[in-house]
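These are the residues of each chain, in order.
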Amino acid sequence: MRIAVVIALLGLAALASAAEYHRYKVVSVVPRTAEDATVVRSAVAALHLEQWTDPRAPGVPVDIMVPPKLVHGFLNGLKIRGIPFTIKIDDVQALIDQQMATQRSADPHPRQFDHTSYHTIDQIYSILDAVESDFSEMVSTYTAGTTYEGRPIRAVKISSGSGSTKEVVWIDCGIHAREWIAPATCQWIMDKLTSGYGSDSEVTELLDAYDFHILPSANPDGYAFTHTSNRLWRKNRVPYGSLGCHGTDPNRNFDSDFGGPGTSDSPCSDIYHGPSAFSEVESQAIRDSVLALASQMKVFFTIHSYSQLWMTPYGYTSSLPANYDDQYRVSGVGVSALTAVHGTRFEYGNIADTIYPAAGGSSDWAYDGAGVQMAFALELRDTGNYGFLLPADQIIPVGEETWAGIVAAIKAI
Ligand code: 0X9
Ligand code: ZN
């Protein structure tokens, strides 16, 4: 009885401390000119609004989350200046609640892949344990690092055996905590590879030629925090600075023009680059695992959401890498195959021009620092109808199309 009361109170405390977004809207604003973009940027700064996406180019929508008490003023300001907008999400919390409802009903210790709901980090790791024991000849897991909160950063090697000299395909997912479709897609891919070997000819052919190394949740602390406390958290959870802020953006923490454009030195910023390059275990884990495999690594994929983009180096500069034409060609092949599955359109090109300049990213480092010649950063579905809150019934189609893109790209290299 007493224990039940304590548990109930703990439950309430957890709920009470969680960030809530009742009647917050996501407004998709379309700056038509650089001047419009400046107006939008200063409104965002003055009202302390959170952007779900950052400005890319004139005519490309920017998704901005607006609390209920600021909606009227913000939208009026846009109307007065004639800046076009649409309301993409009417009530952020309502969407979060819908997702959490399916989440909570899921088995706490699943033994099998299930692509109908999103999973907690513990559920993902239970699945890895089960897959490792069920497919012991093909699957081995390893710990690539331990987080600030003490969680292992677990990676999976999937290999059909016969020596360790095969070329390697690297796929990491979820370096940004709130991009839930990314870890779900890594799980879909692990399922495809393990269940398809010996029965699916394409999978069999691929696994006979390559070893796959998959990191399903590259930021376990941040990911856990999105389940317990703030669904929209992006960074890791290391406390930094005197203001009580938490988190470095691990995708600004690589040694690729560290501290350059599109990064912040404020620990309170969502794009905080951290105190020094590779200060964070999440970026170290990727660095160390990739370096250990660098001489064999055929291609590096890092999976994000959202915006439907297939991006190549560089993010820190608009200059293009020596083999840009080749990376661009392979991206085009990947994107066509991806689109062919469900009609989902992706744009592709170098990071700095396709999305925005951003230094310290993992794929730039994979290319420059580890010498992997094909290094792709993908932003999966959607283009903002749900954004980070993509419904779980899209996990399977996203898995199918992303896999088709990845397979076609690998074959085209
Ligand atoms: O800003 C990012 O880190 C990525 N976009 S996201 O909306 N998922 O946060 C883009 C990553 C591009 N890669 C590099 N900047 N190297
Ligand atoms: Zn991301």
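Values in this document were obtained by computation on a predicted structure and should not be read as measured data. (Residues numbered from 1 in each chain as written. Chains lettered and ligands numbered in written order. Predicted model: local features only at pLDDT ≥ 70, side-chain atom pairs only at ≥ 80, totals over all residues. Heavy atoms only, no water.)

Let us now look at the overall build of the protein. Helix and strand content of the protein: 13 helices and 14 strands. Computed over its C-alpha atoms, the radius of gyration of the protein comes to 21 Å, within 12% of the 22 Å expected for a compact globule of 413 residues. Dimensions of the protein, computed from C-alpha atoms along their principal axes, come out at roughly 65 × 65 × 40 Å. For the protein, buried positions account for 56% of its 413 residues. Contacts spanning at least 24 positions in sequence make up 74% of the contacts within the protein whose residues lie at least 6 apart. Summed over its atoms, the accessible surface of the protein is roughly 16,600 Å², and 54% of this surface lies on carbon and sulfur atoms. (Helix = DSSP H or I, 4+ residues; strand = E, 2+ residues; numbered from the N terminus. Rg over C-alpha atoms; globule rule 2.2 N^0.38 Å. Buried < 20%, exposed > 50% of the residue type's maximum accessible area, 1.4 Å probe, protein only. Contact = heavy atoms within 4.5 Å. Areas by Shrake-Rupley, 256 points an atom, 1.4 Å probe, with all protein chains shown as cover.)

For the rest of this paragraph, the subject is the coordination of the zinc ion (ligand 2). Surrounding the zinc ion (ligand 2) are the protein donor atoms His176 (ND1), Glu179 (OE), Glu179 (OE) and His304 (ND1), which sit 2.0 to 2.3 Å from the metal. All donors of the zinc ion (ligand 2) come from a single chain, and their spacing in sequence reads H-x2-E-x124-H. Here His304 lies in strand E11 (residues 297–305) and His176 lies in the loop between strand E7 (167–173) and helix H6 (181–196), a separation of 128 residues in the sequence. Neither residue differs from the other here; His176 and His304 are each classed as buried. (Donors = N, O, S within 2.8 Å, 3.2 Å for Na, K, Ca; no water.)

Let us look at the side chain of Arg234. Inspection of the secondary structure assignment puts Arg234 in the loop between helix H8 (220–228) and strand E9 (239–240). In this structure the side chain of Arg234 is engaged in a polar contact, spanning 3.3 Å, whose partner is the side chain of His176. Leaving out residues up to four positions away in the same chain, Arg234 has contacts with Ile175, His176, Ala177, Arg178, Glu179, Asn219, Asp249, Arg252, Asp270 and Ile271. (Polar contact = N/O pair within 3.5 Å; in protein donor to acceptor, adjacent residues only side chain to side chain.)

Turning our attention to the state of the cysteines. Scanning the entire structure with this criterion turns up 2 disulfides. With its sulfur 2.2 Å from that of its partner, Cys173 forms a disulfide with Cys186. Its torsion about the S-S bond being 80°, the disulfide of Cys173 and Cys186 is classed as right-handed. Pair noted here: Cys173 is in strand E7 and Cys186 is in helix H6, with a separation of 13 residues, a long-range link. (Disulfide = S-S within 2.5 Å.)

Turning our eyes to something else, we now look at H6. Across its 16 residues, H6 extends 22 Å between first and last C-alpha, which sits within 8% of the 22 Å expected from 1.5 Å per residue. Among the 16 residues of H6, 13 are classified as buried, and the element is accordingly described as predominantly covered. Trailing H6 by a residue or two, Gly198 shows a phi angle of about 95°, which is positive. (Expected span 1.5 Å × (residues − 1).)

Looking now at the site of ligand 1. Around ligand 1, the structure places 15 residues, and the nearest of them are Glu179, Arg234, Arg252, Tyr356 and Glu379. Here an oxygen atom of ligand 1 and a side-chain polar atom of His176 are 3.3 Å apart. For ligand 1, an oxygen atom lies 2.5 Å from a polar atom in the side chain of Arg234. Secondary-structure elements contributing two or more residues to the shell around ligand 1 are E11 and helix H12 (362–368). A per-class count over the shell around ligand 1 returns 4 nonpolar, 6 polar and 5 charged. (Near = heavy atom within 4 Å. Nonpolar A, V, L, I, M, F, W, Y, C, P; charged D, E, K, R; others polar.)

Turning next to the packing of aromatic side chains. Throughout the structure, instances matching the rule amount to 19 aromatic pairs. Seen from their ring centres, Phe212 and Trp403 are 6.1 Å apart, and the 45° between their planes marks the pair as tilted. You can see Phe212 sitting in strand E8 (residues 210–215) and its partner Trp403 sitting in helix H13 (residues 395–412), a full 191 residues away along the chain. Accessibility expressed as a relative area gives 0% for Phe212, which makes it buried. Consider the rings of Tyr314 and Tyr367, whose centres lie 5.8 Å apart with planes at 75°: the pair is edge-to-face. You can see Tyr314 sitting in the loop between strand E12 (309–312) and helix H10 (324–342) and its partner Tyr367 sitting in helix H12, a full 53 residues away along the chain. Residue class for Tyr314 comes out buried when judged on its relative accessible area of 10%. On the basis of relative accessible area, Tyr367 is assigned to the buried category, the value being 9%. The structure contains a cluster of three or more aromatic residues connected by ring pairs, namely Trp52, Tyr306 and Phe388. (Phe/Tyr/Trp six-rings, centres within 6.5 Å; stacked < 30°, edge-to-face > 60°.)

Moving on, we come to the confidence of the model for the protein. Across the protein, the average pLDDT comes to 94, with 95% of residues at 70 or higher. Scored below 50 in pLDDT, residues 1–16 makes 3 contacts in the model with residues more than four places away or belonging to other chains. (pLDDT = per-residue confidence, 0-100.)

The next subject is the pairing of strand E1 (residues 25–29). Extensive coverage of E1 is indicated by the burial of 5 of its 5 residues. Of the two faces of E1, both are covered, the one formed by Lys25, Val27 and Val29 as well as the one formed by Val26 and Ser28. With 5 bridges connecting them, E1 and strand E3 (residues 62–66) associate as antiparallel partners. Of the residues in E3, the one forming a bridge with Val27 is Ile64. (Pairing = 2+ DSSP bridges.)

Another aspect to go through is empty space enclosed by the protein. As enumerated under the stated definition, the model contains 1 cavity of 30 Å³ or more in all. What the largest cavity holds in volume is close to 30 Å³. Lining the largest cavity are Asp114, His115, Ser117, Tyr118, His119, Ala184, Gln187 and Ile395. Of the residues contributing to the lining of the largest cavity, the split by class is 3 nonpolar, 4 polar and 1 charged. (1 Å grid on protein atoms, 1.4 Å probe; cavity = no way out; pocket = protein on both sides within 12 Å on 5 of 7 lines; lining within 4 Å. Points joined across faces, edges and corners; volume = space filled by probe spheres on them.)

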